[in-house]
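# Reading the structure
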Amino acid sequence: MKKVLIVEDEQSFNCYYRGRLSERVNLTIIDNLKDVEDFINKNPDIDLITMDGNIIGGTTVALVRKIRATFKGLIVATSFNPDLQKELLSAGCDYKVDKADLPKAVVRLLDLPA
């Protein structure tokens, strides 16, 4: 089963993502900057990471730059802020996706059965 890390602090989206993805992927959701890097370091076999631009603890731009140096999987920007999305893409995200479309994008990007 593919491993997906969603970095998002909005609980309504987290419920939405769990409902649509938890039976299709090994899903972890983290809502704060402090725990994200530690989780990634302990789980180098993650297939896909999604990054909201602002979470508890600050923006994720510097984190994307840092993890992109070693993380070879996909990173998807999901910020509502278009300027922050551009920064995330420049920092190393591979794609940008609207939050409402994220479950479909995860299925498509990981080539999971429809």
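Because the structure is predicted, anything quoted here is derived from the model rather than measured.

## Focus on the packing of aromatic side chains
Inspection of the entire model under this criterion finds three aromatic pairs. Geometrically, the ring pair formed by Phe13 and Phe80 is tilted, given 5.7 Å between the ring centres and 55° between the ring planes. Of the two residues, Phe13 sits in helix H1 (residues 11-21) while Phe80 sits in the loop between strand E6 (74-77) and helix H4 (82-91), which places them 67 residues apart along the sequence. Judged by relative accessible area, Phe80 falls into the exposed class, the value being 61%. Ring geometry for Tyr16 against Tyr17: centres 5.8 Å apart, planes inclined by 50°, an arrangement best described as tilted.

## As for the nonpolar core
Membership of the largest hydrophobic core comes to 20 residues, with the highest contact counts inside it found for Leu5, Val7, Val36, Ile40, Ile49, Met51 and Ile67. Those elements that place two or more of their residues in this core are strand E1 (3-7), helix H2 (33-42), strand E3 (48-51), helix H3 (61-68), E6 and H4. Top element by residues in this core is H3. It accounts for four residues. Setting aside anything within four residues of it in sequence, one finds Val36 in contact with Leu5, Val7, Ile30, Met51, Ile55 and Leu63.

## So, the environment of Thr59
In this fold, Thr59 is placed in strand E5 (residues 58-59). Distance in space between the C-alpha atoms of Thr59 and Gln11 is 17 Å, their sequence separation being 48 residues.

## A few points about the side chain of Glu8
Mapping Glu8 onto the fold places it in the loop between E1 and H1. Looking at Glu8, the relative accessible area reads 1%, which means it is buried. Here Glu10 takes part through its backbone nitrogen, which lies 2.9 Å from a polar atom of the side chain of Glu8. Engagement of the side chain of Glu8 in a polar contact is seen with the side chain of Lys99, the distance being 2.8 Å.

The rules behind the values
Residues numbered from 1 in each chain as written. Predicted model: local features only at pLDDT ≥ 70, side-chain atom pairs only at ≥ 80, totals over all residues. Heavy atoms only, no water. Phe/Tyr/Trp six-rings, centres within 6.5 Å; stacked < 30°, edge-to-face > 60°. Helix = DSSP H or I, 4+ residues; strand = E, 2+ residues; numbered from the N terminus. Buried < 20%, exposed > 50% of the residue type's maximum accessible area, 1.4 Å probe, protein only. Core = buried A, V, L, I, M, F, W, Y, C linked by side-chain atoms within 4.5 Å. Contact = heavy atoms within 4.5 Å. Polar contact = N/O pair within 3.5 Å; in protein donor to acceptor, adjacent residues only side chain to side chain.

Shape is all these values report; function is a separate question.
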